Amino acid sequence: MKLRFFGSSLVSSYWNGAATYYRGLLKALAAHGVDVTFYEPDAYQRQQHRDIDDPPWARVVVYPATEDGWRRALDEAAADADLLVKASGVGVFDQALEIAVPQAARPGTCTAWWDVDAPATLEAIEADPAHHLRAAVPRYDIVFTYGGGAPVVDAYTALGARACVPIYNAVDPDTHHPVAPREEWRCDLGFLGNRLPDREARVEEFFLGAAARLPQRHFLLGGAGWDDKPMPGNVRRLGHVGSGDHNAFFCSSRATLNINRASMARTGFSPPTRIFEAAGAGACLITDRWDGIAEFLEPGHEILLADDGAAVATLLDGLDDTRARMIGDAARARVLAAHTYAHRARQVLDRLGDGGRTCGVAA
């Protein structure tokens, strides 16, 4: 099967939280013999902040971030695609591409809309009766999402999607695994995430609020955009942390905090990539509470749940190295057994059926 995929970036995680999802899933599909070409625009300085070379399992086409650039890229992709994918959040000419992809497909080509931020997308559609995806979604053969569960499936079905299948985030054991901690990154609690509008207030509550309550503890913040944010004195900023340093980040703290963005928390069943990556590295995870977490990790045994910053502080204050290690080991065992990208790739292929040509029909 020839897969031609339009996404934000495969080779750069700079302001691009979907990078490891794309890498893990497409690498696993390539292991099944899928011929992968990934199309990404030259935008947002991502090419200047690459953190991997072009991988051996995919051809990467970087096209100019212009109208002529995306049109030429789509013409090339559509010429031989068995499965033609437009992912959400490419970042430039998204609306144009989302409308054009189903129109560009040759007879026999399967088209897929792949929503890597379904809660936010669906909120935008609900708020705008004239949103272009209301007309575009029914033209795709299938909708894949990387989260959302039944609420997202029901919402896309109501929009006229022919089929909607969540393909959740996961871990690639080759890239996310335990490593030696970095002494300069040692801390009691680490959080890794870029500064985004619907995340910032929750970071203030769950991370900065916990830090203010535990002035004797050490907190480490990784991610872009936090430079001018007022912080308690026991919080140290790292700035952007490339994907190659994620394992060391997770392994250098007693616990790692996950904070779902507001829209993801409201929808539930939306485990972010960071949960599986941190678990793959054997980190002890603390997460804000949201519906569906127990489908992925067992609360109290494989992950700890908090309702607010005070709860994070209480959990952290009662956590010693032995218990943190036990929780991290249990989470790692769980994700390796059930939540790798090899598992997710098999789900995609089973759903597509017959080389992708019956993707809207096969069970």
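Our subject is the structure listed above.
Residues numbered from 1 in each chain as written. Predicted model: local features only at pLDDT ≥ 70, side-chain atom pairs only at ≥ 80, totals over all residues. Heavy atoms only, no water.

## A short note on the overall build of the protein chain
Then, number 1: On a plain count of helices and strands, the protein chain comes out with 13 helices and 13 strands.
Then, number 2: Here the C-alpha atoms of the protein chain give a radius of gyration of 20 Å, agreeing with the 21 Å that 2.2 N^0.38 yields for 363 residues.
Then, number 3: Every one of the 363 residues in the protein chain was classed for burial, and the buried ones make up 59%.
Then, number 4: Taking all contacts inside the protein chain whose residues are at least 6 apart in sequence as the whole, residues at least 24 apart take part in 70%.
Then, number 5: Carbon and sulfur atoms provide 50% of the accessible area of the protein chain, an area that totals close to 14,000 Å². (Helix = DSSP H or I, 4+ residues; strand = E, 2+ residues; numbered from the N terminus. Rg over C-alpha atoms; globule rule 2.2 N^0.38 Å. Buried < 20%, exposed > 50% of the residue type's maximum accessible area, 1.4 Å probe, protein only. Contact = heavy atoms within 4.5 Å. Areas by Shrake-Rupley, 256 points an atom, 1.4 Å probe, with all protein chains shown as cover.)

## Points about the layout of surface pockets
Then, number 1: By volume, the second largest pocket amounts to about 400 Å³.
Then, number 2: At the level of elements, strand S8 (187-192), helix H8 (246-251), strand S11 (253-258) and helix H12 (321-338) are the ones that each hand at least two residues to the lining of the second largest pocket.
Then, number 3: Element by element, the count of residues in the lining of the second largest pocket is highest for H12, at five residues.
Then, number 4: Residue composition of the lining of the second largest pocket, by class: ten nonpolar, three polar and seven charged. (1 Å grid on protein atoms, 1.4 Å probe; cavity = no way out; pocket = protein on both sides within 12 Å on 5 of 7 lines; lining within 4 Å. Points joined across faces, edges and corners; volume = space filled by probe spheres on them. Nonpolar A, V, L, I, M, F, W, Y, C, P; charged D, E, K, R; others polar.)

## Some points on the packing of helix H10 (residues 273-280) against H12
Then, number 1: The contact between H10 and H12 brings their axes to 7 Å, and the two run at 110°. The angle between H10 and H12 falls in the class roughly perpendicular. At the point where H10 passes H12, the crossing takes the left-handed sense. Across the interface between the two elements, Phe 276, Ala 279 and Gly 280 of H10 pack against Gly 328, Ala 331, Arg 332 and Val 335 of H12.
Then, number 2: When its residues are assigned to classes, the contact of H10 with H12 shows four nonpolar, two polar and one charged. (Axes fitted to C-alpha atoms, helices over the stretch in contact; angles between N-to-C directions. Parallel < 35°, antiparallel > 145°, perpendicular 65-115°, else oblique. Left-handed = near helix turned anticlockwise from the far one by under 90°.)

## Brief notes about the sheet that holds strand S9 (residues 219-222)
Then, number 1: Taking strand neighbours across the sheet as the criterion, the six strands line up as S10-S9-S8-S11-S12-S13 in an open arrangement whose pairing is parallel. One side of each edge strand has no neighbouring strand; the edge strands of this open sheet are strand S10 (235-239) and strand S13 (304-306). Sheet twist, expressed as the average angle between the axes of neighbouring strands with direction ignored, equals 25°.
Then, number 2: Here four bridges tie S9 to S10, and the two strands are oriented parallel to one another. (Pairing = 2+ DSSP bridges.)

## A look at the nonpolar core
Then, number 1: Tyr 22, Leu 26 and Trp 114 are the most contacted members of the largest nonpolar core, which has 37 residues in total.
Then, number 2: Mapped by element, the contributors of at least two residues to this core are strand S1 (2-6), helix H1 (19-30), strand S2 (35-42), strand S4 (83-87), strand S5 (110-115), strand S6 (142-145) and helix H13 (341-352).
Then, number 3: Ranked by the residues each element gives to this core, the list is headed by H1, at seven residues.
Then, number 4: Sequence-distant contacts of Tyr 22, defined by excluding residues within four places in its chain, comprise Phe 5, Gly 7, Ser 8, Ser 9, Leu 10, Lys 27, Phe 38, Ala 87, Ser 88 and Val 116.
Then, number 5: One finds Leu 97, Trp 113, Leu 133 and Val 143 within the second-largest nonpolar core, a separate group that totals 29 residues. (Core = buried A, V, L, I, M, F, W, Y, C linked by side-chain atoms within 4.5 Å.)

## Describing the sheet that holds S2
Then, number 1: Pairing in this open sheet of seven strands is parallel, and the strands run S3-S2-S1-S4-S5-S6-S7 from one edge to the other. Edge positions in the sheet fall to strand S3 (59-64) and strand S7 (164-166), since each of these pairs with one other strand and no more. Geometrically, the sheet is characterised by an average inter-axis angle of 20° between neighbouring strands, direction not taken into account.
Then, number 2: Where S1 meets S4, four bridges bridge the pair, whose relative direction is parallel.

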